[in-house]
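Structural characterization, general
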Amino acid sequence: MNMQSAPSAVAPSSAGPFRPSPSVAPAEPPVPSTRASSWALALALAAALGAAAAMAWVGATVVPAETASGYYFSDTPVAYQRAVFAAFGSLLLWTVLGLTSIVLGIVGLTRRRGQVRAVVSIVLAVIAPVLAVLTLMGSMFIGVDGLA
């Protein structure tokens, strides 16, 4: 008996198991998300406002507290000293938020989605420390001016 295979009577399918049927339209490419630049702007605003608020409180209260308690900061009450150290410690949080904002802004720029928000967030995050120092000095100056 000859064991050769006989040609198949069924024609092979040209569609194959992974080919879509011709009636299905090809899917459009997904639109990149603007979430990175939106988050970057929100974090940059939080970092700038948080740092400025903390330094405004310290600057506005340190001069009157030192004037009432003594010449040096160490002459102020311990509870006030701890509050000032906590305000300066919060700058670590605002710094981390600012750095995260810079990274997300760069991601938004490289994806070419939300470029204006990305640029604004990077600029705001970079100038936030300068804004905090200027706020501290300005509020201390107001505190000195109010005592005269």
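Conventions we followed
- Residues numbered from 1 in each chain as written.
- Predicted model: local features only at pLDDT ≥ 70, side-chain atom pairs only at ≥ 80, totals over all residues.
- Heavy atoms only, no water.
- Core = buried A, V, L, I, M, F, W, Y, C linked by side-chain atoms within 4.5 Å.
- Buried < 20%, exposed > 50% of the residue type's maximum accessible area, 1.4 Å probe, protein only.
- Helix = DSSP H or I, 4+ residues; strand = E, 2+ residues; numbered from the N terminus.
- Contact = heavy atoms within 4.5 Å.
- Expected span 1.5 Å × (residues − 1).
- Axes fitted to C-alpha atoms, helices over the stretch in contact; angles between N-to-C directions.
- Parallel < 35°, antiparallel > 145°, perpendicular 65-115°, else oblique.
- Left-handed = near helix turned anticlockwise from the far one by under 90°.
- Nonpolar A, V, L, I, M, F, W, Y, C, P; charged D, E, K, R; others polar.
- Phe/Tyr/Trp six-rings, centres within 6.5 Å; stacked < 30°, edge-to-face > 60°.
- Polar contact = N/O pair within 3.5 Å; in protein donor to acceptor, adjacent residues only side chain to side chain.
- pLDDT = per-residue confidence, 0-100.

Brief notes about the nonpolar core
With twelve residues, the main nonpolar core is built from A51, A54, M55, V58, V62, V63, A65, Y80, V84, A87, A132 and L136. Within the residue set of this core, elements represented by two or more residues are α1 (35–69), α2 (78–110) and α3 (115–147). In terms of residue count, α1 provides more of this core than any other element does, seven residues in total. Leave out the neighbours within four places in its chain, and A65 touches T76 and Y80. Within the second largest apolar cluster, five residues are counted, among which are A48, L124, A125 and A128.

Things to note about α2
An ideal rise of 1.5 Å per residue puts 48 Å on 33 residues; α2 measures up with 49 Å between its terminal C-alpha atoms. Those residues of α2 that sit buried are Y80, Q81, V84, A87, L97, G98, S101, G105 and G108.

Quick word on unusual backbone geometry
Residue R112 is not a glycine yet carries a positive backbone phi of 60 degrees. Looking at the secondary structure, you find R112 in the loop between α2 and α3.

Structural notes on the packing of α1 against α2
Close contact between α1 and α2 brings their axes to 8 Å; oriented N to C, the two are set at 160 degrees. What the angle tells us is that α1 and α2 run roughly antiparallel. α2 is crossed by α1, and the crossing has left-handed handedness. Of the residues belonging to the contact of α1 with α2, the class tally is 24 nonpolar, nine polar and no charged.

Digging into the packing of aromatic side chains
Think of a pair of aromatic rings as described by two things: how far the centres are apart, and how the planes are tilted against each other in angle. The final tally for this structure, using the stated rule, is four aromatic pairs. Here the aromatic rings of Y71 and Y72 are separated by 5.0 Å at their centres, their planes lie at 85 degrees, and the arrangement is edge-to-face. As far as burial versus exposure is concerned, Y71 and Y72 are alike and both exposed. Between the aromatic rings of F73 and F85, the centroid separation amounts to 5.9 Å while the plane-to-plane angle is 80 degrees, which identifies the pairing as edge-to-face. Of the two residues, F73 is situated in the loop between α1 and α2 and F85 in helix α2; the sequence distance between them amounts to twelve residues. Judged by relative accessible area, F85 falls into the exposed class, the value being 53%. Aromatic ring contacts, followed pair by pair, group W57, F73, Y80 and F85 into a single cluster.

Observations concerning the side chain of Q81
Relative to the assigned elements, Q81 resides in helix α2. In terms of polar contacts, Q81 uses its side chain to reach the backbone carbonyl oxygen of T76, at 2.9 Å. Once residues lying within four places of it in the same chain are set aside, the contact partners of Q81 are F73, S74, D75 and T76.

Observations concerning the confidence of the model for the protein chain
Per-residue pLDDT for the protein chain averages 83, and the proportion of residues at 70 or more is 76%. The spread of mean pLDDT over the elements of the protein chain runs between α3, the lowest at 88, and α2, the highest at 94.

Re the side chain of T76
On the secondary structure map, T76 appears in the loop between α1 and α2. Of the residues examined, T76 reaches a relative accessible area of 4% and is grouped as buried. Of note is the side chain of T76, whose polar atom sits 2.6 Å from the backbone oxygen of F73. Every residue in contact with T76, bar those within four places of it in the chain, is listed here: A65, E66, S69 and Q81.

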